[in-house]
Amino acid sequence: MAVLHHRRTGPSDAGTLLEQPTQPAPARRERSSVPLPHRPPDALPETPPVRRPVKRVLALALLLAAGLLAAAHQIRPAPYGDHLTSGPPAPTARARGGVVEAYDGRTLRWRYARVGRRPLSVLPTRGQAITVWDDGLVTDTDGRSVRWHRALPAATGWLRARGGAGVLRPLGRGILAVVTPSRIAAYRTADGDLRWVLPARAGCAFRPERAVRHGHALLVAQPCADGAWTAQLVAVDDLGGIAPHRTPLGNERPRAGRPERPRTEKALAPPR
C-alpha cells in the first residue's frame, strides 16, 4: 500500500514557487534598407480641411463697407452748396434775403438756399422757379429737386455790382433767355440744354434792363460807341436772332429714333 507523503513548504520553497521564468525579449526588427513603394495620392488618407470662417468675415466686411459708404454719402457737401427744403410745386416764388421761397397763395411750399450765395432775381414759370445768383449761376427748382445748374461766364462781377434786373427773360415754347452785357444765351427750361448764343458786337454791350417784348420777339438794347442806331437794337425769339432767311434749329427735346438735327438736303431719287 502506497503511502503519500505531504511535504510542507517553507519560506525558501515559497520564493521558488513565486519566481517565474524570464522569457527572452522579442528581437527588435531592423528597418529594411529597401525603399517602400510610393503610394499614389489617392491612396493616402484624406486630411479633413481646416474650416475658417471666411464667408462670415467677408459678409462682415461688406456690411461695414456699406455702412461707411452710406455715412460718407450723408455727410458729403451738397453740390453748389444747395439746401432745399422740399415741398409741392407752387405758382409763385420770390427772393427773400438769401433764400428763394415759393408760395401757393399765402402758404409757404418750399425754400431753397445756397451756402454763402444770394439770389438776385427769380422767374416763376409753370410751377418752377428759375433763379440767377450773385456768383453767376442760374438754377431751376421745382420744389422737389434742383433740376439743373448753369454758369454764366464772365458775369459775376457785373451781377454783384448791378443786380439781376432783366437778366432772366422767357421767350416762349419752353426757352429761357439769359441776357448779360457780353452775350444772350438761350436754355431749354426742361433740362437746361443750351440752345443758342448771340454775342454782343465788338464795342457794344447788351442792356438787359432795357429789353422789351414785342409779340413773340424780345427786343434788347445794344448800345455801341460807334455805329448806326439800327445796330444798337437786336431782336430774338426762341429760335435765335431774328434775321431774314434764317434756318434755325428746332428747340424740342430729342425723341427716341429721331435725330435732333435732321438732314435738310434733298433726297436722291432711286436708280431706275
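A quick note: this is a predicted structure, and the numbers were derived from the prediction, not measured.

S.K.: Explain the nonpolar core residue by residue, including any values.
M.R.: A general tendency of soluble globular proteins is for nonpolar side chains to be buried together. If you look at the biggest cluster of nonpolar residues, it comprises 15 residues, and the most contacted ones within it are Val 132, Val 138, Leu 152, Leu 159, Leu 168, Leu 176 and Val 178. When residues of this core are traced back to their parent elements, those giving at least two are strand S5 (119-125), strand S6 (128-133), strand S10 (175-180) and strand S11 (183-188). Not counting the four nearest positions on each side in its chain, Leu 176 is found in contact with Leu 123, Ile 130, Trp 148, Leu 168, Arg 169, Pro 170, Ala 185, Ala 186, Tyr 187 and Thr 189. Val 179, Ala 211, Val 220 and Val 234 belong to the second largest nonpolar core, which has 14 residues in total.

S.K.: Got a sec to walk through the sheet that holds strand S13 (residues 207-214)? Specific residues and values, please.
M.R.: With antiparallel pairing, 4 strands are arranged side by side in an open sheet as S13-S14-S15-S16. At either margin of the open sheet sits one strand with a lone partner, and together these are S13 and strand S16 (240-241). Here 4 bridges tie strand S14 (residues 217-221) to strand S15 (residues 233-237), and the two strands are oriented antiparallel to one another. By the bridge assignment, Leu 219 is partnered in S15 with Ala 235.

S.K.: Outline the pairing of strand S12 (residues 193-199), supporting the account with residue identities and numerical values.
M.R.: With 6 bridges connecting them, S11 and S12 associate as antiparallel partners. Of the residues in S12, the one forming a bridge with Ala 185 is Val 197. In textbook terms, the turn of a hairpin is the stretch between consecutive antiparallel strands, and for S11 and S12 this stretch comprises 4 residues, one of which, Gly 192, has a positive phi near 75°.

S.K.: Can you explain the environment of Ala 95? Please cite residues and give values.
M.R.: Position of Ala 95 among the secondary structure elements: in strand S2 (residues 92-96). We classify Ala 95 as partly exposed; its relative accessible area is 37%. Distance in space between the C-alpha atoms of Ala 95 and Arg 118 is 8.7 Å, their sequence separation being 23 residues. When sequence neighbours within four positions are dropped, the list of residues in contact with Ala 95 reads Pro 119 and Val 122.

S.K.: Any details on the pattern of salt bridges? Residues and values, ideally.
M.R.: All told, the structure shown has 15 salt bridges when counted by the stated rule. For the salt bridge of Asp 135 with Arg 117, the shortest nitrogen-to-oxygen distance reads 3.4 Å. With Asp 135 in the loop between S6 and strand S7 (137-141) and Arg 117 in the loop between strand S4 (107-114) and S5, the pair connects residues that are 18 residues apart, well separated along the chain. Among the ionic pairs, Arg 195 bridges to Asp 193, the shortest N-O distance being 2.5 Å. Assessed through its relative accessible area of 15%, Arg 195 is described here as buried. Of the residues examined, Asp 193 reaches a relative accessible area of 27% and is grouped as partly exposed. Because the salt bridges share partners, they merge into one network encompassing Asp 82, Arg 114, Arg 117 and Asp 135.

S.K.: Account for the confidence of the model for the protein chain, with residues named and values stated.
M.R.: Model confidence for the protein chain is summarised by a mean pLDDT of 79, while 70% of its residues fall at 70 or above. Throughout residues 1-6 the model reports pLDDT below 50, and contacts reaching past four residues in sequence, or to other chains, amount to 0 contacts. Low pLDDT (under 50) marks residues 258-272, which in the prediction has 5 contacts with non-local residues, meaning those over four places away or in another chain.

S.K.: Summarise the side chain of Arg 169; cite the residues concerned and give the values.
M.R.: Position of Arg 169 relative to the elements: it lies in strand S9 (residues 168-172). In this structure Arg 169 is buried but unpaired, with Glu 209 as the nearest side chain of opposite charge at 7.3 Å. Within the local environment of Arg 169, its side chain forms a polar contact with the backbone oxygen of Gly 166, the two atoms lying 3.1 Å apart. With residues near it in sequence (within four places) discarded, Arg 169 still touches Ile 175, Leu 176, Ala 177, Val 179, Pro 208, Glu 209, Ala 211 and Leu 218.

S.K.: Which residues make up the packing of aromatic side chains, and what values do they have?
M.R.: Counted according to the given criterion, the structure contains 2 aromatic pairs. Taking 5.4 Å as the distance between ring centres and 80° as the angle between the ring planes, the aromatic pair formed by Tyr 112 and Trp 133 counts as edge-to-face. Of the two residues, Tyr 112 is situated in strand S4 and Trp 133 in strand S6; the sequence distance between them amounts to 21 residues. There is no split in this pair, since Tyr 112 and Trp 133 are both buried. Between Trp 148 and Tyr 187, the ring centres sit 6.4 Å apart and the planes meet at 25°, which makes this aromatic pair stacked. One end of the pair, Trp 148, is in strand S8 (residues 146-151); the other, Tyr 187, is in strand S11, and 39 residues separate them in sequence. The two residues Trp 148 and Tyr 187 agree in class, both being buried. Of note, Arg 114 hangs over the ring of Trp 133, and the distance from its end group to the ring centre comes to 5.2 Å.

S.K.: Let's hear about the sheet that holds strand S3 (residues 99-104): which residues, and what values?
M.R.: Across a sheet, strands are paired by hydrogen bonds formed along the backbone, either parallel or antiparallel in direction. Taken together, the 4 strands give an open sheet; going across it, the order is S1-S4-S3-S2, and neighbouring strands pair in antiparallel fashion. Single-partner strands in this sheet number two, and they are strand S1 (82-85) and S2. Adjacent strand axes in the sheet meet at a mean angle of 20° when their direction is disregarded. Taken together, the 5 bridges between S2 and S3 define a ladder with antiparallel strand orientation. The partner of Ala 95 across the bridge, within S3, is Val 100.

Rules and cut-offs
- Residues numbered from 1 in each chain as written.
- Predicted model: local features only at pLDDT ≥ 70, side-chain atom pairs only at ≥ 80, totals over all residues.
- Heavy atoms only, no water.
- Core = buried A, V, L, I, M, F, W, Y, C linked by side-chain atoms within 4.5 Å.
- Buried < 20%, exposed > 50% of the residue type's maximum accessible area, 1.4 Å probe, protein only.
- Helix = DSSP H or I, 4+ residues; strand = E, 2+ residues; numbered from the N terminus.
- Contact = heavy atoms within 4.5 Å.
- Pairing = 2+ DSSP bridges.
- Salt bridge = Lys/Arg side-chain N within 4 Å of Asp/Glu carboxyl O.
- pLDDT = per-residue confidence, 0-100.
- Lys, Arg positive; Asp, Glu negative; His and termini not counted.
- Polar contact = N/O pair within 3.5 Å; in protein donor to acceptor, adjacent residues only side chain to side chain.
- Phe/Tyr/Trp six-rings, centres within 6.5 Å; stacked < 30°, edge-to-face > 60°.
- Lys NZ or Arg CZ within 6 Å of the ring centre and 35° of its normal.
- Axes fitted to C-alpha atoms, helices over the stretch in contact; angles between N-to-C directions.

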